[in-house]
Each structure stands twice: as structure tokens, then as C-alpha cells.
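Reading the structure
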Amino acid sequence: MILYFDTFITETPLHKKAPPKDDVRDKHDIYRMPSKIEIAKYSLASYSIFSWSNVYIKYELEDTSLTLEFDNFIKELFPEVIIEHERSDSQSDYQNSLATLKKLNDPWIFYSPNNDHPLLISQKTDTEYIKRLVDKAEQWRALFPFVSIIYSHFEEYINAPYPNSANHRFFGKDMVLLHEDDEVIICLKKHGDFNSVQIVHIDLFSHWFTSSDLSASVVRRAEDLHQVEVKNHILIIPKKRLCAHFDGYEHMQGTANEILQDTSPVLFIPPGFFDKKIKIAYGYSQRKNGYTNINPGTKKYSFRNSTTGTDLKLSLAEIPLFWKDRIKEIDINPHANHQLLNKMARVHFAKQKYPWSVFSRGLNGKNFIFQIKRGLRFIRDEFITKQGILQK
């Protein structure tokens, strides 16, 4: 599989947005927003734990004075990397990339036009899991020409294929569930999926960027392919989290499909990451300053309570794999009940899998209103659907 990273790194947002209603980055130092180049480095470092057949990186920096330093960082991670100092923003740019990708002689492409979806797998065996996903995708390629594997937005995709799930009504109406086992959900998306968080077969990549005339359009990523038609696209949806969006689900706050920060918060870069001096305090009920605090048994995150809150709700076994050679110290509470903490980590993951449920959100006044609104939305959508069927 080829890692294809193609992005423009800038501190200037493409669109001016109102600040999130629940801006947790202002509530605790560890969650402060890093620079975009730090986030890009963090993501690339996470990708370095996988054995890619080739690495092809195209990028531009708003601050070009950082180009040499960024190149050196990349080459340290990927000594055989192909680097081009121009991001793709047109059909012809992507066609040039396609020509390079074809020469690399590997049909599967980890397509990464975003710089902020780090790979959060925690075990060496998880890299074998990714390879099994590609094997499954190859099998479905014998039946359908367009196949891809989703690698991020876990909470959304894991729910989308099921007609009775919340996210199906917002995102998965053209999905048909074809197969499910312990490792994956496989569905057919009748009108294609253009989210730029996919491992794509080169035939799909080629169809995206060559099947229509896009010469008059700005094409920065797959979401810009408004004129392209993809019929009967097979999506492989992993049941394990692979990557996550650094900004989490801030963009969904206040919507009928919002995911709370307390369920799936934004990501952060642990202090000491780039110096290989990460310090972890695990299983303590009181925060330890100067450490990344991890305690799945704690009710609140540190952005809710800076004294007893935790930064992550993971078990020790779930610490990201790409952190491990950058950790200087792990201070484990000698009185920690590891059986209980592992159980609580599983409970927290279950809440992330079903982030709109009462189980995940709790039932206070605000969440009660949220559930009522969602119920009314469901009734309305069901009525509209039935009316449409009757009219036909």
C-alpha cells in the first residue's frame, strides 16, 4: 500500500468559522491548539509505524522558510520518500499524481489530502489487521470495480449502514449492508463516497480524477468532485478505530447529529512528543502536572476538571503505537485496579461507538431535549420516506 500525502499547510483557515460552542482547547493547556505544521508532523509520525510499499508526499507550506526543516523531518521518518513541493489543487495536478502512483506498481493508496488524521492503532498486530482489510477489499474487487476502506471518522461510519441507527438518516440513506463479521462491516454505497479518509484502489482514484472534465474546477480533495459519478461503491468499514480527526467533531456541535466532547474529544499532542520525552501518569485520581494523564476510570476529562480530570480514557494497552518509542517515563499508580480500569476503557469505547445514545450522553435536561428532537426528526424522516414510496 502506498502512502499518498498531499496537502497545503497553513495557519489561515480556508473558511472563517465561528468558534465552537464548547471550545475545550481553551480550558486546559494540554489541549491547546498546536500549529498546523506540528499537527502534520504528528500525523506523519503516526504513519511511520506502517510498512508502506512506497511513500509519496506532495505539500506546500504557507511559511516556506520551514521547507528544509520539514523535508528533513519527513526523510527521517521515510528515507525512500518521494517529495514534491506542490500540493494538488486541480484535475491536472491529480492526473500528474496518478501517473506517479501508477509507476509505483501498487494498486492500493492510503489517500491523505488532510494533514490531521493520525493513525492511533496501539498494537503491532493492528498493522496486520490493516493488511487483512486490504485483502478483504481485494476479494470484493472481483465483484465490484470501485472499492475502498474507510480509515477515519469511526463514530460516524460504524453507525451509518444500519437503517435504525441515527447516522444512517443523515449519511447512509444510499447504503446497503452486504456483509458483517467480527472485523468489518461491508456495504454498498449506491452513489459513491467522496470523503477524503479512504484507502482507495487505483481504479477508483483514476475514475475520480479522470472520468469527468474538471478543468474549470478547484480540486483539492475528493470532496470537490461534484461532477463525478460513482455507482455501486463498496465501502469496507473497520470495527477497530484506525485514525481520528485531530479536531474531532467540533464542526457538529449544536446540530441534531452532534457528538459530545465528553464522548469523543479533540486530540492533542502529548508534551515531550517531538523530543521523545513523553511522561505518562496512569491510573491516578489526581492529575500529575507535567504528565499526560491517562485514567479510564475517571468521570471527567481535564478540560472539565483540571484537578481530578484525565487527559485520555484508555487502558495501558491502548496507548498509540507511534508514541511508544517517544515515551521517557510511565508512572503507574501502584494501587490501581487494572481489571476495573480495563473494563472502564471498554465502556468508554462502547460509548464512542454509539455516541448519540442515552447510554453515551447521559440523561440530564440538555440531553433529554436532544433525544426528543432526534425522535421527532426520526418520525418526520420516516413520514417523508413513506410518502415518497406512496407517491411512486
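Residues numbered from 1 in each chain as written. Predicted model: local features only at pLDDT ≥ 70, side-chain atom pairs only at ≥ 80, totals over all residues. Heavy atoms only, no water.

A closer look at the overall build of the protein
Put simply, the test is: For helices the rule is a DSSP run of H or I covering at least 4 residues; for strands it is a run of E covering at least 2, with both sets numbered from the N terminus onward. Each radius of gyration is computed over the set of C-alpha atoms, and the globule rule expresses the reference value as 2.2 Å times the number of residues to the power 0.38. Using a 1.4 Å probe, the Shrake-Rupley method yields the accessible areas, and only the shown protein chains count as cover for residues. For the purpose of charge, His is not counted, nor are the chain termini; Lys and Arg are scored as positive and Asp and Glu as negative. Each charge is placed at NZ for Lys, CZ for Arg, CG for Asp and CD for Glu.
Broken down by element type, the protein carries 10 helices and 12 strands. For the protein, whose C-alpha radius of gyration is 21 Å, the value lies close to the compact-globule estimate of 21 Å for 392 residues. The principal-axis extent of the C-alpha atoms belonging to the protein is close to 60 × 60 × 40 Å. Carbon and sulfur atoms make up 52% of the accessible area of the protein, which totals about 18800 Å². Counting 52 positive and 49 negative side-chain charges, the protein places the centres of these two groups 7 Å from one another.

Quick look at the pairing of strand 5 (residues 147–150)
Here is the rule we go by: The buried label applies to any residue whose accessible area, calculated with a 1.4 Å probe on protein chains only, is under 20% of its type's maximum; exposed applies above 50%, and partly exposed to all values in between. Whether two strands pair comes down to DSSP finding at least two bridges between them.
Both faces of strand 5 are covered, namely the face carrying Val 147 and Ile 149 and the face carrying Ser 148 and Ile 150. One ladder, built from 3 bridges, connects strand 5 with strand 9 (residues 233–238); its direction is parallel. Bridging from a neighbouring strand, Val 147 pairs with Ile 234 of strand 9. In this structure, strand 5 lies alongside strand 8 (residues 198–201), joined through 3 bridges in antiparallel fashion. When the bridges of strand 8 are listed, Ser 148 appears paired with Val 200.

Regarding the environment of Arg 132
Residue placement: Arg 132 occurs in helix 4 (residues 124–141). Classification of Arg 132 by relative accessible area gives partly exposed; the value is 35%. Residues Arg 132 and Glu 183, 51 residues apart in the sequence, show an inter-C-alpha distance of 9.2 Å.

Focus: the packing of helix 3 (residues 91–103) against helix 7 (residues 202–210)
Stated formally: Each axis is a line fitted through C-alpha atoms, taken for helices only over the stretch in contact, and angles between the N-to-C directions span 0 to 180 degrees. Between 65 and 115 degrees an angle is taken as roughly perpendicular, under 35 as roughly parallel, over 145 as roughly antiparallel, and anywhere else as oblique. Each helix crossing is assigned a hand: it is left-handed if the near helix lies turned anticlockwise from the far helix by less than a right angle, otherwise right-handed if that turn is clockwise. Contact criterion: two residues are considered in contact whenever any of their non-hydrogen atoms come within 4.5 Å of each other. Each residue is assigned to one class: nonpolar for Ala, Val, Leu, Ile, Met, Phe, Trp, Tyr, Cys and Pro, charged for Asp, Glu, Lys and Arg, and polar for all the others, Gly among them.
Where helix 3 meets helix 7, the axes come as close as 9 Å, and the angle between the chain directions of the two elements is 155°. In this view, helix 3 runs roughly antiparallel relative to helix 7, as classed from their interaxial angle. The handedness of the crossing between helix 3 and helix 7 is left-handed. Each of Gln 91, Tyr 94, Gln 95, Leu 98, Leu 101 and Lys 102 in helix 3 lies in contact with helix 7, whose residues at this interface are Ile 202, Phe 205, Ser 206, Phe 209 and Thr 210. Classifying every residue of the contact of helix 3 with helix 7 gives 6 nonpolar, 4 polar and 1 charged.

Re the sheet that holds strand 8
Here 9 strands make up an open sheet; going across it, the order is 3-2-1-4-8-5-9-7-6 and the pairing mixed. If you trace the sheet from one side to the other, it starts and ends with strand 3 (82–84) and strand 6 (175–180), each paired once. Averaged over all adjacent pairs, the angle separating strand axes in this sheet is 20°, with direction ignored. Sheet topology places strand 1 (residues 2–9) next to strand 2 (residues 54–61); 8 bridges connect them, and they run parallel. For Thr 7, the partnering residue across the bridge sits in strand 2 and is Tyr 59. Sheet strands touched by helix 2 (residues 67–77): strand 1, strand 2 and strand 3. Its angle to strand 2, the strand with the most contacts, is close to 165°. Across the face of the sheet, helix 3 comes into contact with strand 1, strand 2, strand 3 and strand 4 (108–112) while running at roughly 155° to strand 1.

As for the sheet that holds strand 11 (residues 292–294)
Strand order in the open sheet formed by 3 strands is 11-10-12, and the pairing between neighbours is parallel. In the strand order of this sheet, the two ends are held by strand 11 and strand 12 (327–332), each with one partner. Strand-to-strand twist of the sheet, defined as the mean angle between neighbouring strand axes without regard to direction, takes the value 20°. With 5 bridges joining them, strand 10 (residues 278–282) and strand 12 adopt parallel strand pairing. Across the sheet, residue Ala 281 finds its bridge partner in strand 12, namely Asp 331.

A word on helix 2
Operational definition: What the arc describes is the spread of directions from the helix axis to the C-beta atoms.
Where helix 2 is concerned, the buried positions are Thr 67, Phe 70, Asp 71, Phe 73, Ile 74 and Leu 77. All buried residues of helix 2 fall inside an arc of 160° around its axis, so they share one side. Across from the buried face of helix 2, at angles greater than 90 degrees, the exposed residues are Leu 68 and Glu 76.

Considerations on the pairing of strand 7 (residues 184–189)
Here strand 7 lies mainly inside the structure; 6 of its 6 residues are buried. Across the two faces of strand 7 the burial is the same, with Val 184, Ile 186 and Leu 188 and Ile 185, Cys 187 and Lys 189 all buried. Bridge count between strand 6 and strand 7: 5 bridges; the pairing is antiparallel. The partner of Val 176 across the bridge, within strand 7, is Leu 188. Between strand 6 and strand 7, which pair antiparallel and follow one another directly, the connecting turn spans 3 residues.

Let's talk about the environment of Ser 302
Position of Ser 302 relative to the elements: it lies in the loop between strand 11 and strand 12. A relative accessible area of 1% places Ser 302 in the buried class. Sequence separation between Ser 302 and Tyr 31 is 271 residues, and the spatial gap between their C-alpha atoms is 8.9 Å. Apart from the residues lying within four places of it in its own chain, the contact partners of Ser 302 are His 28, Ile 30, Tyr 31, Arg 287, Gly 309, Thr 310 and Asp 311.

So far we have only geometry, and geometry alone does not tell us how the molecule works.
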